[in-house]
Amino acid sequence: MMAAIPTADPAKLKIHLERIVGERNPRSSPTRLSKVEQYIEGEFKSFGLAVESDPFSYRGRSYRNIVARAGSRRSGPLIILGAHYDSVEGSPGADDNASGVAVLLEAARLLSRARLRNPILFCAFNLEELNMVGSTHLAEKLKAEGAKIGVMLSLEMVGYTDSGSGGQKYPAGLSWFYPDRGDFIGVVGNWRSATVLRRVAASMRQVKGLPVETLTVLGNGFLVPAVRLSDHSPFWDLGYPALLVTDTSFFRNPHYHRVSDTADTLDLGFMAKACEGIVTAVRNL
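Remember, predicted model here, so these are calculated numbers, not experimental data.

**Some remarks on the pattern of salt bridges**
With the rule as written, the count across this model stands at seven salt bridges. For E37, the salt bridge goes to R64, with nearest N and O atoms at 2.6 Å. One end of the pair, E37, is in helix α2 (residues 30–46); the other, R64, is in strand β2 (residues 61–70), and 27 residues separate them in sequence. The exposure class of E37 is buried, given its relative accessible area of 11%. When its relative accessible area of 17% is taken as the criterion, R64 is described as buried. One continuous salt-bridge network, built from bridges that share partners, spans E37, E41 and R64.

**A closer look at the state of the cysteines**
Summed over all chains, the structure comprises zero disulfides. For the unlinked cysteine C123, the closest cysteine sulfur is that of C275, found at 16 Å.

**Focus on the sheet that holds strand β4 (residues 120–125)**
Here we have eight strands laid out as an open sheet, ordered β1-β2-β4-β3-β5-β8-β6-β7, and mixed in their pairing. Edge strands, defined here as strands with exactly one partner in the open sheet, are β1 (50–58) and β7 (212–217). For this sheet, the mean angle separating the axes of adjacent strands, direction not counted, is 20°. Strands β1, β2, β3 (78–84), β4 and β5 (149–156) of the sheet are contacted by helix α4 (residues 133–144), whose axis makes an angle of about 110° with β1. Contacts between helix α5 (residues 194–204) and the sheet are confined to β5, β6 (185–190), β7 and β8 (242–246), with β7 contributing the most and set at about 175° to the helix.

**Some details on a nonpolar patch on the surface**
Judged by side-chain polarity, W191, L218 and L223 come together as a nonpolar surface patch covering roughly 410 Å² of accessible area. Relative to the assigned elements, L223 resides in the loop between β7 and α6 (233–237). Judged by its relative accessible area of 71%, L223 is exposed.

**A few points about the nonpolar core**
Grouped together as the largest cluster of nonpolar side chains are 60 residues, with contacts concentrated most on F44, F122, I185 and M204. When residues of this core are assigned to their parent elements, the largest contribution, 11 residues, is made by helix α3 (residues 94–111). Contact partners of M204, with chain neighbours within four places excluded, come to I185, V187, L210, V212, V245, A274, G277, I278 and A281.

**Remarks on unusual backbone geometry**
A cis amide bond links D96 with the next residue in sequence, N97, at an omega value of 5°. You can see N97 is positioned in helix α3. Even without being a glycine, M157 presents a positive backbone phi close to 60°. Mapping M157 onto the fold places it in the loop between β5 and β6. On the basis of relative accessibility, which here comes to 1%, the residue M157 falls in the buried class.

**What to know about the packing of aromatic side chains**
Evaluation of the coordinates by the stated rule reveals six aromatic pairs. Ring geometry for F250 versus F251: centroids 4.8 Å apart, planes at 40°, classification tilted. Classification of F251 by relative accessible area gives buried; the value is 18%. Stacked on the ring of F222, the Lys or Arg R228 has its end atom at 4.1 Å from the ring centre. Positioned above the aromatic ring of F184 is the side chain of R252, whose terminal nitrogen or guanidinium carbon lies 4.8 Å from the ring centre.

**Some details on α5**
For α5, every residue scored as buried is listed here: A194, V196, L197, V200, A201, S203 and M204. Buried residues along α5 sit against β5, β6, β7, β8 and α7 (268–284).

**Considering the pairing of β5**
Within β5, seven of the eight residues are buried, which leaves it mostly tucked inside the rest of the structure. Inspection of the sheet shows β3 paired to β5 by five bridges, in the parallel sense. Pairing of L81 across the sheet is with L153, part of β5. As paired strands, β5 and β8 are joined by five bridges and run parallel to one another. Each bridged residue has a counterpart across the sheet, and for S154 the counterpart in β8 is L244.

**Structural notes on α4**
Compared with the 16 Å implied by 1.5 Å per residue over 12 residues, the 17 Å span of α4 between its first and last C-alpha is a close match. Turning to α4, its buried residues number three or more, namely V133, G134, S135, L138, A139 and L142. Those residues of α4 that are buried lie in contact with β1, β2, β3, β4, β5 and α6.

Thresholds applied
- Residues numbered from 1 in each chain as written.
- Predicted model: local features only at pLDDT ≥ 70, side-chain atom pairs only at ≥ 80, totals over all residues.
- Heavy atoms only, no water.
- Salt bridge = Lys/Arg side-chain N within 4 Å of Asp/Glu carboxyl O.
- Helix = DSSP H or I, 4+ residues; strand = E, 2+ residues; numbered from the N terminus.
- Buried < 20%, exposed > 50% of the residue type's maximum accessible area, 1.4 Å probe, protein only.
- Disulfide = S-S within 2.5 Å.
- Pairing = 2+ DSSP bridges.
- Axes fitted to C-alpha atoms, helices over the stretch in contact; angles between N-to-C directions.
- Contact = heavy atoms within 4.5 Å.
- Patch = residues over 30% accessible without salt bridge, like charges linked within 9 Å, V, L, I, M, F, W, Y side chains within 5 Å.
- Areas by Shrake-Rupley, 256 points an atom, 1.4 Å probe, with all protein chains shown as cover.
- Core = buried A, V, L, I, M, F, W, Y, C linked by side-chain atoms within 4.5 Å.
- Phe/Tyr/Trp six-rings, centres within 6.5 Å; stacked < 30°, edge-to-face > 60°.
- Lys NZ or Arg CZ within 6 Å of the ring centre and 35° of its normal.
- Expected span 1.5 Å × (residues − 1).

Right under this line is the structure:
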């Protein structure tokens, strides 16, 4: 018998967005970045998760990722669920990437109550906008430790929809194969991740009203550079299976990296369904 799909709470997602949205950049708004970092840490702790800092340095300054653990350390390969919490200068970063962090936190709340077969790391990454600095640090650290990773899932812009005809664009050559309405969640993997991509997409499609589209790219995605622009790519480069979960970013959202990337442009119902899809996938892995 299939387990019931857990229900994500749009009200909680809204609260997270209210606490996170606002420019969060190490150069122009370091105080705001630090406050959001502390908020994420406090939320993870409130779910009863084991929380730790993952410190790293960049250009002579100290930063950290926030990592929370659930499940037994000895029960199987790691499942990593991650999202970055920094933003570019001049943007409140609602879709990019407060949406991903809000879904990460709600997924952590729901999964903290579940009986898990695999250990899970919930990772809030810093300095993604400076070329995946935080996630590269963690991926390299896990590689050096000999960690076994079942899959890394990167939540990158998961809150914007455009159901109008022509609202969805694609990299060159792909528009023939996918819908022109931006009402789906995209899941992207490389060949090494193809098997887990099929499993994750099948689980996410169990959520009623959540269209899911998938793409598998050659190698580590260098032929389609846009698919590398998130925290999964350092894991690809180290040989780990990893997936990008996204509303497709600037192929759909006209507010990308702009001052207009505000919370009122996001679709909370869509975010809730995406969260339910991710939680279902993690439970089924």
